[in-house]
Amino acid sequence: MTKTNFNSKSIKRHDIKDKTVLVRVDYNVPMDPGTTNIADDSRILASIPQIEYLLNRNCKVVLLSHLGRPDSSSDNEFSMMPITTRLSEILDKPVLQLPSCKGKDVEKQINQSPHRSVSMLENIRFEAGERKNDQNLSRALANLADVYINDAFGVAHRAHASTEGITHYIPSYIGFLMQKELDILGKLMSNPVRPMTSIIGGAKASDKMGVLRNLSKIVDTIIIGGGMAATFIKAKGFGVGASKYEDDRLSEVRDLMENDRIRAELIIPTDVIVADRFHADANFEVTHVDSIPENMIILDVGPRTTEKYAATISESSTVIWNGPMGVFEWKNFSSGTINVAKAIAGLKDGTTVVGGGSTADVVSKLNMNDDVTHVSTGGGATLAYLEGKALPAVEAILKND
Ligand code: AMP
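This is a predicted model, so every value here is computed, not measured.

### Quick look at the domain arrangement of the chain
Partitioning the chain into domains gives domain 1 (3-177) and domain 2 (184-386). For domain 1 versus domain 2, the separation of C-alpha centres amounts to 35 Å. Counting from both sides, the interface comprises five residues of domain 1 and, opposite them, eight residues of domain 2. Of the roughly 470 Å² buried where domain 1 meets domain 2, counting both sides, 69% is carbon and sulfur surface. Class assignment of the residues belonging to the side of domain 1 that touches domain 2 gives a composition of two nonpolar, two polar and one charged.

### A look at the pairing of strand β5 (residues 147-150)
Side chains of β5 alternate between two faces, with Val 147 and Ile 149 and Tyr 148 and Asn 150 buried alike. Judged from the four bridges that link them, strand β1 (residues 20-24) and β5 form a sheet pairing that is parallel. What sits directly across from Val 21, in β5, is Val 147. Note that β5 and strand β6 (residues 172-174) share three bridges and pair parallel.

### Quick look at the pattern of salt bridges
According to the stated counting rule, one finds 13 salt bridges in the structure shown. Between Arg 213 and Glu 252 there is a salt bridge; the shortest N-O distance is 2.1 Å. Of this pair, Arg 213 sits in helix α6 (residues 205-218) while Glu 252 sits in helix α8 (residues 250-258); the two residues are 39 residues apart in sequence, bridging distant segments of the chain. Two residues, Arg 249 and Glu 252, come together in a salt bridge whose shortest N-O distance is 3.2 Å. Judged by its relative accessible area of 23%, Arg 249 is partly exposed. Relative accessible area serves as the criterion here: at 24%, Glu 252 is assigned to the partly exposed category. In this structure, a network of salt bridges that share partners links the residues Asp 41, Arg 86 and Glu 89.

### Considering the sheet that holds strand β15 (residues 374-376)
The strand order across the open sheet formed by six strands is β9-β8-β7-β13-β14-β15, and the pairing between neighbours is parallel. At either margin of the open sheet sits one strand with a lone partner, and together these are β9 (265-267) and β15. Sheet twist, expressed as the mean angle between neighbouring strand axes with direction ignored, is 15°. Here strand β13 (residues 318-322) runs beside strand β14 (residues 351-355); their pairing, made up of four bridges, is parallel. Each bridged residue has a counterpart across the sheet, and for Thr 318 the counterpart in β14 is Thr 351. Packing against the sheet, helix α5 (residues 176-190) makes contact with β7 (196-200), β13, β14 and β15, and its axis sits at approximately 105° to β15. Along the sheet, helix α9 (residues 303-314) contacts β7, β8 (221-224), β9 and β13; its crossing angle with β8, the most-contacted strand, is approximately 150°.

### Topic: the packing of aromatic side chains
When we look at a pair of aromatic rings, we describe it by the centre distance and by the angle of the planes. Using the criterion set out here, one finds three aromatic pairs in the structure. On the basis of an interplanar angle of 75° and a centroid distance of 5.6 Å, the ring pair of Phe 284 and Phe 333 is categorised as edge-to-face. Of this pair, Phe 284 sits in strand β11 (residues 284-288) while Phe 333 sits in the loop between β13 and α10 (335-345), and the two are 49 residues apart along the sequence. The class for Phe 284 is partly exposed, based on a relative accessible area of 41%. When its relative accessible area of 0% is taken as the criterion, Phe 333 is described as buried. Over the ring of Phe 176 we find Lys 12; its NZ or CZ atom is 4.7 Å from the centre of that ring. Of note, Arg 57 hangs over the ring of Tyr 53, and the distance from its end group to the ring centre comes to 3.8 Å.

Scoring rules and cut-offs
- Chains are numbered independently. Their residues run from 1 in the order of the written sequence.
- For this predicted model, a pLDDT threshold of at least 70 governs which residues receive local features, and a threshold of 80 or more governs which side-chain atom pairs are given and counted, while totals over whole chains, interfaces and linings are taken from all residues.
- Side-chain measures were taken over the full set of non-hydrogen atoms in the model, leaving aside hydrogen atoms and water.
- For the domains described, the bounds stem from an automatic or database domain assignment.
- For this analysis, residues touch if any pair of their heavy atoms sits within 4.5 Å.
- Buried area is a sum: the accessible area each of two parts loses on coming together, probed at 1.4 Å, counted once for each and added.
- The nonpolar class holds Ala, Val, Leu, Ile, Met, Phe, Trp, Tyr, Cys and Pro. Asp, Glu, Lys and Arg form the charged class, and all remaining residues, Gly among them, are polar.
- Throughout, exposure labels follow a simple rule: accessible area from a 1.4 Å probe, protein chains only, divided by the maximum for the residue type, with under 20% read as buried, over 50% as exposed, and the rest as partly exposed.
- Helical segments are the DSSP runs of H or I of at least four residues, strand segments are the runs of E of at least two, and each set is numbered from the N terminus.
- For two strands to be treated as a pair, DSSP must find at least two bridges joining them.
- Throughout this description, the term salt bridge denotes a Lys or Arg side-chain nitrogen within 4 Å of a carboxyl oxygen of Asp or Glu.
- Comment: axis = line fitted to C-alpha atoms, over the contacting stretch for helices; angle = value between 0 and 180 degrees taken between N-to-C directions.
- Stacked, edge-to-face and tilted are the three classes for Phe, Tyr and Trp ring pairs, Trp counted by its six-membered ring, which pair at centre distances within 6.5 Å; planes under 30 degrees apart are stacked, over 60 edge-to-face, the rest tilted.
- Ring-over charges, as used throughout, are those where CZ of Arg or NZ of Lys falls within 6 Å of the ring centre and within 35 degrees of the ring normal.

In structure tokens:
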């Protein structure tokens with residue numbers, strides 16, 4: 001991540017009044033399958049302070065987001081309309097749904113809207129140019145407003161027309177939610193209170209190697225769990241039964257565990273819960289990692305491991321968690337993840353940050369959102385940040401003058 005101080009581009013530092021402001025939000029909300037019912041409106045609720053701040057400054061607010069993965073602009077299932085309706089209820093004022101996200105008609109409707117009004121552009125992913133960071137689309141978006149604010153941390157790792165390209169054509173700033181993510185993650189990575197522990201789990205080691213490599217330079221202890229633990233157990237010289245492991249990652253993983261020059265100590269499971277098939281109702285047993293039966297697959301960390309992990313967490317001052325310890329979606333294989341979550345929630349005096357992929361869902365399902373310091377909203381963006389990569393959308397705003 002850049003060393004430049006992004007505070008200088010924080011919208012709070014700039015006196016924006018009476019302007020038309022285009023806000024890139026992340027309204028990619030989950031829908032009940034096959035319907036247009038919003039399953040969880042927390043992303044909409046989280047955007048309200050930024051919108052109200054602008055309305056209180058007599059601005060016209062134009063919102064811009066993606067939703068799902070539409071194939072084409074006729075994919076009605078992905079229209080922003082249900083979100084517009086919900087937003088209007090929350091704000092208790094009309095929100096104008098625009099028919100597209102560019103063009104003369106849209107420009108005219110925005111021009112005719114009064115100050116302190118809110119309108120919503122149609123799904124930006126209806127435009128093929130969005131993902132290609134097409135400069136014509138970026139320019140068309142910039143034409144709609146005087147000022148641009150990016151408040152969509154979830155797509156900050158993408159150089160798209162609505163995140164990166166647009167900043168070349170309009171004064172651009174960092175919004176409230178984006179600022180909060182950058183503040184918290186930035187402080188965590190540059191100035192952590194020690195001891196600092198990172199818990200990394202999830203499906204595949206290859207998805208997390210970048211994060212592991214970067215965190216291993218920063219944190220004191222890394223705890224390993226999830227499907228990826230099989231690659232670590234194998235690299236340590238044990239059999240993993242019928243569990244999938246990544247042969248091409250073994251030497252890299254071995255280096256992480258054994259290289260004395262790496263700051264972090266890596267802890268891997270000593271016992272695991274193995275099952276006779278990949279199924280919620282599979283037969284299962286606890287086994288030490290030195291005796292995993294040939295035909296069994298690892299679906300969770302074992303009770304001794306969980307105890308050790310919880311103890312390490314409870315002795316930490318800073319914790320970052322990404323990735324479940326097992327197939328937490330299935331009750332019989334959820335206890336490693338639940339107990340790690342409980343240990344993190346129990347760390348009342350420490351800084352605890354959870355994020356990326358399915359980990360935020362775990363915390364939310366367990367009603368532990370209020371028990372952690374911060375739940376990072378970006379899946380890929382959080383991982384990119386933890387990997388130490390620059391976020392193109394943020395870099396672009398820092399360069400914008
Ligand atoms: P990620 O998105 O990489 O954090 O991975 C999350 C997914 O990893 C969840 O859906 C879990 O069910 C899955 N997972 C965790 N542990 C295992 C395991 N031992 N075997 C297979 N999948 C796992």
